[in-house]
Amino acid sequence: MTLHDIPLRTLTGEPTTLGAYEGSAVLLVNVASKCGLTPQYAGLERLQKEYGERGFTVLGVPCNQFAGQEPGTAEEIRTFCSTTYGVSFPLLEKIDVNGEDRHPLYTELTKLGDAEGAAGDVQWNFEKFLISPAGEPVARIRPRTEPEAPEVLAAIEANLPRK
């Protein structure tokens, strides 16, 4: 099974997989509405607008495992994201990224090391994983790194599909 095959659900409950994004680079981010890092939504949305037409998407994954900072329902999350940050990128259902109930997607993603080679549990909200158009995890970016940091932009540019 590849990342593209792992069953997922959209925020509205529809079944999907990362296979829906095959051929595109994907920045997968565990998000939260009540976190000190929540303003990163603005940078993520700018990335979506900048690179969306070039075979790239941000994919938000709400998670309530870090200090209960994503307590809302799917509707509350969707409303917050659209009205506060104008989020246009897709959001998945709320899942666990760590622990006993870790979603299979994150079981695979957390095997990838960050820039220093450290793998393992997601550290906090807004940890980012870049997935290549072929469905391979290629970069792990820790939570405090802003979405538009030079190293993030360079990784995205290097993984955009070639036309």
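Note: the structure precedes this text.
Residues numbered from 1 in each chain as written. Predicted model: local features only at pLDDT ≥ 70, side-chain atom pairs only at ≥ 80, totals over all residues. Heavy atoms only, no water.

Visitor: What am I meant to see in the sheet that holds strand β5 (residues 128-131) here?
Guide: Two orientations exist for strands paired in a sheet by backbone hydrogen bonds: parallel and antiparallel. The strand order across the open sheet built from four strands is β4-β3-β5-β6, with neighbouring strands paired in mixed fashion. Every other strand in the sheet has two partners, leaving β4 (56-62) and β6 (137-141) as the edge strands with one partner each. Strand-to-strand twist of the sheet, defined as the mean angle between neighbouring strand axes without regard to direction, takes the value 20°. In this fold helix α4 (residues 150-159) packs onto β3 (25-31), β4, β5 and β6, with an angle of close to 20° to the strand it touches most, β5. (Pairing = 2+ DSSP bridges. Helix = DSSP H or I, 4+ residues; strand = E, 2+ residues; numbered from the N terminus. Axes fitted to C-alpha atoms, helices over the stretch in contact; angles between N-to-C directions. Contact = heavy atoms within 4.5 Å.)

Visitor: In this structure, what is going on with helix α2 (residues 74-85)? I would like to understand it.
Guide: Note: α-helices contain 3.6 residues per turn, so residues at a spacing of three or four share the same orientation. The terminal C-alpha atoms of α2 lie 16 Å apart, and with 12 residues this matches the ideal 16 Å at 1.5 Å per residue to within 8%. Within two residues after α2, Gly86 carries a phi angle of roughly 60°, on the positive side. (Expected span 1.5 Å × (residues − 1).)

Visitor: Would you mind showing me how to read the pairing of β3 here?
Guide: Regular strands show a simple pattern: their side chains alternate between the two faces of the sheet. Across the seven residues that make up β3, a large majority, seven, are buried. Side chains Ala25, Leu27, Val29 and Val31 of β3 all project onto a buried face; the interleaved residues Val26, Leu28 and Asn30 project onto the opposite face, where all are buried too. Of the pairings in the sheet, the one linking β3 to β4 comprises seven bridges and is parallel in character. Residue pairing in the sheet places Leu27 in a bridge with Val58 of β4. Handedness of the β-α-β unit built from β3, helix α1 (residues 40-51) and β4 comes out right-handed. Of the pairings in the sheet, the one linking β3 to β5 comprises four bridges and is antiparallel in character. Paired with Val29 across the two strands is Lys128, which belongs to β5. (Buried < 20%, exposed > 50% of the residue type's maximum accessible area, 1.4 Å probe, protein only. Right-handed = clockwise from strand over helix to strand, strands pointing away.)

Visitor: Can you walk me through the pattern of salt bridges in this structure?
Guide: If charged atoms from side chains of opposite charge come close, those side chains can pair. What the rule picks out here adds up to nine salt bridges. A salt bridge links Arg46 to Glu148, with the nearest nitrogen and oxygen atoms 2.7 Å apart. Note that Arg46 is positioned in helix α1 and Glu148 in the loop between β6 and α4, a separation of 102 residues in sequence. Judged by its relative accessible area of 46%, Arg46 is partly exposed. Close ionic contact of Lys111 with Glu108 constitutes a salt bridge, the shortest N to O distance being 3.2 Å. Residue Lys111 is classed as exposed on the basis of its relative accessible area of 55%. Taking the relative accessible area as the measure of exposure, Glu108 reaches 35% and is therefore partly exposed. Through salt bridges with shared partners, a single ionic network connects Asp114, Glu127, Arg140 and Arg142. (Salt bridge = Lys/Arg side-chain N within 4 Å of Asp/Glu carboxyl O.)

Visitor: What exactly am I supposed to notice about the packing of aromatic side chains here?
Guide: When we look at a pair of aromatic rings, we describe it by the centre distance and by the angle of the planes. Evaluated as defined, the whole model comprises eight aromatic pairs. Here Tyr41 and Phe126 contribute two aromatic rings whose centre-to-centre distance is 5.5 Å and whose plane-to-plane angle is 90°, an arrangement assigned as edge-to-face. Highlighted residues: Tyr41 in helix α1 and Phe126 in the loop between α3 (104-109) and β5, separated in sequence by 85 residues. Between Tyr106 and Phe129, the ring centres sit 5.9 Å apart and the planes meet at 80°, which makes this aromatic pair edge-to-face. With a gap of 23 residues between them, Tyr106 in helix α3 and Phe129 in strand β5 connect regions that are remote in the sequence. Of the residues examined, Phe129 reaches a relative accessible area of 0% and is grouped as buried. Grouped by ring-pair contacts, the aromatic residues Tyr41, Phe80, Tyr85, Phe89 and Phe126 constitute a single cluster. (Phe/Tyr/Trp six-rings, centres within 6.5 Å; stacked < 30°, edge-to-face > 60°.)

Visitor: How do you make sense of the state of the cysteines when you look at a structure like this?
Guide: Counted under the stated rule, the structure contains zero disulfides. With no disulfide partner, Cys63 has as its closest neighbouring cysteine sulfur the one in Cys35, 11 Å distant. Cysteine Cys81 shares no disulfide, and the gap to the nearest cysteine sulfur, in Cys35, comes to 13 Å. (Disulfide = S-S within 2.5 Å.)

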